[in-house]
Amino acid sequence: MTTLYQQHVDVLIHRYEDAMAHFGLDAIVLASGEKSYYFQDDHTHPFHAYSGAQQWLPFTLGAETYVVLQTGKQPTLVWPVRDDFWHAPNPVPGGDWQKNWSIIPAKKNDAWFSNLPKHTAWLGPQPITAAVVCDGLKAYVDFAKAVKTDFEIQAMRRASDRAVAGHVAAKDAFLAGMSELEIHLAFLKASQQTAAQEPYPGIVGLNEHSAVLHYEHKSIEQMENSRTLLIDAGASEHGYASDITRTFVRHDDDFSALVNDLDTMEQKLCRSAMSGVSFRDLHQDTLVGIATLLHEHKICALSVEEQLTKRIPQVFFPHGLGHLLGLQVHDVGGHQIDSAGTLSKPDESAPFLRLTRTLEKNMVVTIEPGLYFIPMLIEKMQAEMVNHGCDMARIQHFMPYGGIRIEDNVVVKDDLPKNLTRTAFSH
Ligand code: GLY
Ligand code: MN
Ligand code: MN
């Protein structure tokens with residue numbers, strides 16, 4: 001029986017052999033990358049392998065590891081030989097995956113490198129001068145990455161499960177009056193990772209901090225009566241990310257009513273993420289949904305149509321609905337509409353939309369509407385628009401709560417999508 005991993009490698013071989021035929025190449029090298037150092041220091045930055053190399057292997061790749069592809073040959077893994085006593089030994093991981101590979105323990109400039117065929121293209125950091133320049137190869141392979149194999153979806157399901165265990169622990173820590181730092185530590189422990197292993201630095205904001213989209217600090221101040229927790233944090237399974245946001249509240253009040261209604265709207269959007277749907281249209285539906293909430297919750301008296309004309313929803317929801325998810329949290333190719341690299345940029349009413357493609361089966365996307373009370377954007381609206389229709393007293397009332405974002409990871413299908421996040425929360 002072929003495993004999901006073997007099927008995955010077969011799909012990749014097929015993709016890359018097509019690329020070699022298309023560009024007239026004899027070989028492609030995918031380089032994981034090299035470690036980089038802090039300025040004038042002997043400590044390195046946390047290492048993340050180039051996703052094109054990582055995609056081939058069922059464990060987290062380290063630096064100076066190379067995948068060598070040649071049509072008709074088994075792929076070769078060039079594994080870094082480490083001969084120092086400062087670091088832990090670096091054996092090749094055991095397992096069935098090895099059946100698909102020729103494995104060469106070697107260094108960068110050893111024989112494997114000098115024996116590469118003449119028409120070899122190089123993808124990854126530190127390109128070598130010996131490789132042919134192959135414009136278009138990167139776009140060609142990036143385009144295909146959006147549609148995930150079953151092996152990749154399985155990895156992302158596991159990444160979701162682990163992150164959700166962390167979110168549940170974070171909620172408990174919030175309700176117990178913990179600080180942002182303590183909540184983050186509770187998240188890390190329950191999701192079984194160090195901060196350096198997170199797919200992106202976890203965002204943990206209490207109260208007004210939840211209105212800072214990429215809030216980076218983790219305050220050590222405990223807040224017994226904190227009102228809101230926004231936690232946007234994921235986990236990684238051999239490079240594949242989950243990217244999940246929840247907004248938890250302590251009180252049952254008109255802010256929690258807003259959270260509940262945004263949650264209902266988010267679930268409806270998730271159910272709409274089917275193949276053939278334009279993500280631009282889904283983003284537009286979200287703006288309509290936000291305008292409706294602003295009206296129903298008496299934040300803005302203008303009709304939905306008037307709000308859309310005046311771009312009021314964007315004051316409270318200034319980012320995009322979501323993005324492709326994979327080996328990179330904001331996965332490659334979100335604006336690419338063909339394998340030649342043609343770009344479809346978002347229009348000026350949605351400048352931060354990271355995904356403009358039409359959805360296809362087995363793409364994995366995030367759906368992450370938000371509604372925030374961001375002082376800078378509200379002041380700008382007041383300064384620039386006379387008839388904004390917003391109830392400023394009501395906005396002032398909501399300001400101390402910060403904001404709301406709810407983010408799920410969804411596998412697109414021809415009919416109802418699979419929601420990896422909701423499934424994990426329901427275990
Ligand atoms: N965590 C970053 C994002 O949601 O896109
Ligand atoms: Mn996120
Ligand atoms: Mn996201």
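Definitions and cut-offs
- Counting from 1, residues in each chain are numbered in the order their sequence is written.
- Whichever chain is written first becomes A and whichever ligand is written first becomes 1, with later ones labelled in order.
- A pLDDT threshold of at least 70 governs which residues receive local features in this predicted model, and a stricter bar of 80 or more applies before side-chain atom pairs are shown or counted, although totals over entire chains, interfaces and linings include all residues.
- With hydrogens and water excluded, all non-hydrogen atoms of the structure serve as input to the side-chain values.
- UniProt positions are given in the numbering used here, feature names are shortened, and annotations may be inferred rather than shown by experiment.
- Using a grid of 1 Å spacing that covers the protein atoms alone, one calls a set of points a cavity when a 1.4 Å probe fits there but cannot get out, and a pocket when the set is open and has protein on both sides within 12 Å along at least five of seven lines; lining residues are those with an atom within 4 Å of a point.
- The secondary structure listing takes helices from DSSP runs of H or I that are at least 4 residues long and strands from runs of E that are at least 2 residues long, numbered from the N terminus.
- Burial classes follow relative accessibility: with a 1.4 Å probe on protein chains only, a residue under 20% of its type's maximum area counts as buried, one over 50% as exposed, and anything between as partly exposed.
- Contacts were defined at the residue level, with two residues in contact if any of their heavy atoms lie within 4.5 Å.
- Counted as a polar contact is a pair of N or O atoms within 3.5 Å, where, for protein atoms, one must be capable of donating a hydrogen and the other of accepting one, and residues adjacent in sequence contribute only when both atoms are in side chains.
- Working convention: axes come from line fits to C-alpha atoms, limited for helices to the stretch in contact. Angles between N-to-C directions cover 0 to 180 degrees.
- If an angle is under 35 degrees, it is roughly parallel; if it is over 145, roughly antiparallel; if it lies from 65 to 115, roughly perpendicular; otherwise it is oblique.
- Only Asp, Glu, Lys and Arg are considered charged in this grouping, and only Ala, Val, Leu, Ile, Met, Phe, Trp, Tyr, Cys and Pro are considered nonpolar; every other residue, Gly among them, is considered polar.
- Metal-coordinating donors are taken as N, O and S atoms lying within 2.8 Å of the metal, or within 3.2 Å when the metal is Na, K or Ca; because water is left out, some sites can appear incomplete.
- Every angle between 85 and 135 degrees makes a four-donor site tetrahedral, while opposite donors more than 155 degrees apart, with all other angles between 65 and 115, make a four-donor site square planar and a six-donor site octahedral; other sites are irregular.
- A pair of strands is labelled paired if DSSP reports no fewer than 2 bridges between them.
- Grid points are joined across faces, edges and corners, and a volume is the space filled by probe spheres set on the points.
- Definition of nonpolar core: a set of buried residues of the types Ala, Val, Leu, Ile, Met, Phe, Trp, Tyr and Cys, connected through side-chain atoms within 4.5 Å.
- Nearness is defined per residue: one heavy atom within 4 Å of the molecule or strand is enough.
- Methods summary: accessible areas were calculated by the Shrake-Rupley approach with a probe of 1.4 Å, and residue burial reflects only the protein chains presented.
- In this description, a molecule resides in a pocket or cavity if more than half of its atoms sit within 2 Å of the grid points defining it.

Draft legend 1. How the structure looks around the UniProt feature "binding site: Mn(2+) 2" (unreviewed entry) in the protein chain. According to UniProt, the "binding site: Mn(2+) 2" (unreviewed entry) feature falls on Asp 232, Asp 243 and Glu 407. The greatest C-alpha distance among the residues just named is 8.0 Å, despite their covering 176 residues of sequence, which places them together in space. The annotated residues that sit in the lining of the second largest pocket are Asp 232, Asp 243 and Glu 407. Note on placement: Asp 243 falls in the loop between strand 9 (240–241) and strand 10 (244–249). For Asp 243, a relative accessible area of 3% translates into the label buried. Apart from the residues within four sequence positions on either side, Asp 243 is in contact with Tyr 200, Asp 232, His 323, Leu 325, Val 329, Thr 366, Glu 368, Glu 407 and Asn 409. Position of Glu 407 among the secondary structure elements: in the loop between strand 13 (403–405) and strand 14 (408–411). Aside from chain neighbours lying at most four places away, what touches Glu 407 is Asp 232, Asp 243, Ile 244, Thr 245, Arg 246, Glu 266, His 323, Thr 366, Ile 367, Glu 368 and Thr 421. One polar contact links Glu 407 to Thr 245, side chain to side chain, over a distance of 2.6 Å.

Draft legend 2. Quick look at the packing of helix 1 (residues 4–23) against helix 5 (residues 150–175). Orientation of helix 1 relative to helix 5, taken along the N-to-C sense of each, is 125°, at an axis distance of 7 Å. With respect to helix 5, the element helix 1 is oriented oblique. In contact with Leu 4, Tyr 5 and His 8 of helix 1, helix 5 contributes Asp 150, Phe 151, Glu 152 and Gln 154. Grouping the constituent residues of the contact of helix 1 with helix 5 by class yields 3 nonpolar, 2 polar and 2 charged.

Draft legend 3. Quick peek at the coordination of the manganese ion (ligand 3). Distances from the manganese ion (ligand 3) to its protein donors, namely Asp 243 (OD), His 323 (NE2), Glu 368 (OE) and Glu 407 (OE), fall within the range 2.0 to 2.2 Å. Coordination at the manganese ion (ligand 3) comes from 6 donor atoms whose angles at the metal span 51 to 160°, giving a geometry best classed as irregular. Separating the manganese ion (ligand 3) from the manganese ion (ligand 2) is a distance of 3.3 Å, and Asp 243 supplies a donor atom to each of them. Highlighted residues: Asp 243 in the loop between strand 9 and strand 10 and Glu 368 in the loop between strand 11 (364–367) and strand 12 (370–372), separated in sequence by 125 residues.

Draft legend 4. Geometry of the UniProt feature "binding site: Mn(2+) 1" (unreviewed entry) in the protein chain. Taking the numbering used here, the UniProt-annotated feature "binding site: Mn(2+) 1" (unreviewed entry) corresponds to Asp 243, His 323, Glu 368 and Glu 407. Considering the C-alpha atoms alone, the annotated residues occupy 165 residues of sequence yet fold into one spot, their largest mutual distance being 10.8 Å. As for the annotated residues named above, the ones lining the second largest pocket are Asp 243, His 323, Glu 368 and Glu 407. Those residues in contact with Glu 368, other than ones at most four positions away along the chain, are Asp 243, Phe 317, His 319, Gly 320, Leu 321, Gly 322, His 323, Arg 405, Ile 406 and Glu 407. Of the polar contacts made by the side chain of Glu 368, one reaches the side chain of His 323; its length is 2.9 Å.

Draft legend 5. Focus on the coordination of the manganese ion (ligand 2). Coordination of the manganese ion (ligand 2) by the protein is provided by Asp 232 (OD), Asp 232 (OD), Asp 243 (OD) and Glu 407 (OE), with metal-donor distances spanning 2.0 to 2.4 Å. Around the manganese ion (ligand 2), the 6 donor atoms sit at angles spanning 56 to 171°, and that spread fits a shape best called irregular. Mapping the donors of the manganese ion (ligand 2) onto the primary sequence gives the spacing D-x10-D-x163-E. Among the residues examined, Asp 232 registers a relative accessible area of 4% and is labelled buried.

Draft legend 6. Seen up close, the sheet that holds strand 14. Spatial strand order, 11-14-15: 3 strands in an open sheet with antiparallel pairing. Bordering the open sheet on either side are strand 11 and strand 15 (418–419), each of which pairs with just one other strand. Relative to strand 14, strand 11 runs antiparallel, the two being bridged by 4 bridges. Residue Ile 367 lies in a different strand from strand 14, and its bridge partner there is Asp 408.

Draft legend 7. Seen up close, empty space enclosed by the protein. What the rule picks out here adds up to 2 cavities of 30 Å³ or more. Estimates place the volume of the largest cavity at around 50 Å³. What lines the largest cavity is simply Leu 12, Ile 13, Tyr 16, Glu 17, Met 20, Trp 56, Leu 69, Gln 70, Lys 73 and Pro 75. Elements with a contribution of two residues or more to the lining of the largest cavity: helix 1 and strand 2 (66–70). With 5 residues, the single largest contributor to the lining of the largest cavity is helix 1. Among the residues making up the lining of the largest cavity, the classes are represented as 7 nonpolar, 1 polar and 2 charged. The space that makes up the second largest cavity amounts to roughly 40 Å³. Considering the residues around the second largest cavity, the lining is formed by Gln 55, Lys 145, Lys 148, Glu 152, Tyr 240, Gly 326, Leu 327 and Asp 331. The residue inventory of the lining of the second largest cavity, partitioned by class, reads 2 nonpolar, 2 polar and 4 charged.

Draft legend 8. Broad picture of the nonpolar core. If you look at the biggest cluster of nonpolar residues, it comprises 45 residues, and the most contacted ones within it are Phe 279, Phe 316, Leu 359, Val 365, Ile 367, Phe 373 and Ile 395. Secondary-structure elements contributing two or more residues to this core are helix 7 (254–271), helix 8 (279–296), helix 10 (313–316), strand 11, helix 11 (375–384) and helix 12 (392–398). Here this core takes 7 residues from helix 7, the largest share from any one element. Filtering out sequence-adjacent residues up to four positions away, Phe 373 remains in contact with Ala 211, Phe 255, Leu 258, Ile 299, Phe 316, Ile 378, Ile 395, Phe 398, Met 399, Gly 402 and Gly 403. Residues Tyr 5, Ala 49, Leu 69 and Trp 101 belong to the second largest nonpolar core, which totals 29 residues.

Draft legend 9. Spotlight on the site of ligand 1. Close contacts around ligand 1 come from Tyr 200, Asp 232, Asp 243, His 323, His 330, Glu 368 and Glu 407, and that covers them all. Protein contacts shield 92% of the accessible area of ligand 1, which totals 200 Å² for the unbound molecule. At a threshold of 2 Å from the grid points, most atoms of ligand 1 map onto the second largest pocket. In the shell around ligand 1, the residues fall into 1 nonpolar, 2 polar and 4 charged.

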